[in-house]
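So the chains spell out like this:
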Amino acid sequence: MILLEIGGHDGLFQANTSPKDDKDHQVVLIEANPSSYKKCVENRPYATCVHAACTDQDGGIIKLNLGQSSSYSFLDFMGEISQKSNKVDVPRRTMASIL
């Protein structure tokens, strides 16, 4: 069984899966924020952690707006709320290419 989290954050905070799941199932955590992704890899060594924005098109990049902190909301990600500087490039991946 594959357990999938889109928005894996650091792999622990508000996670729908736990490190215990990693040993019994194939766990895939997808995280767009680069600093959260690095923490996810550290916190979940037995899970598959993917640094990407899950989109309907594979390839290329998308701009992730981190605002003034390392956390973000979906609306910031989509650029609807603020135009703060602190944007990073994130690879675009489809669910099919990840799984």
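Here is what the cut-offs are and how they apply
Residues numbered from 1 in each chain as written. Predicted model: local features only at pLDDT ≥ 70, side-chain atom pairs only at ≥ 80, totals over all residues. Heavy atoms only, no water. Helix = DSSP H or I, 4+ residues; strand = E, 2+ residues; numbered from the N terminus. Contact = heavy atoms within 4.5 Å. Salt bridge = Lys/Arg side-chain N within 4 Å of Asp/Glu carboxyl O. Buried < 20%, exposed > 50% of the residue type's maximum accessible area, 1.4 Å probe, protein only.

1. Thoughts on the environment of V90
Stage number 1. With respect to the secondary-structure elements, V90 resides in strand β6 (residues 87–93).
Stage number 2. As for V90 and K63, which are separated by 27 residues in sequence, their C-alpha atoms are 6.2 Å apart.
Stage number 3. Setting aside residues no more than four positions away along its own chain, V90 makes contact with A32, H51, A52, A53, G60, I61, I62 and L64.

2. Details of the pattern of salt bridges
Any two side chains of opposite charge can pair, on the condition that their charged atoms come close.
Stage number 1. Scanning the entire structure with this criterion turns up three salt bridges.
Stage number 2. Here D58 makes a salt bridge to R93, at a shortest N to O gap of 4.0 Å. Of this pair, D58 sits in the loop between β4 (53–54) and β5 (61–65) while R93 sits in strand β6, and the two are 35 residues apart along the sequence.
Stage number 3. On the basis of relative accessibility, which here comes to 46%, the residue D58 falls in the partly exposed class.
Stage number 4. Close ionic contact of K63 with D89 constitutes a salt bridge, the shortest N to O distance being 2.7 Å.

Any functional reading would require information beyond the geometric quantities listed.
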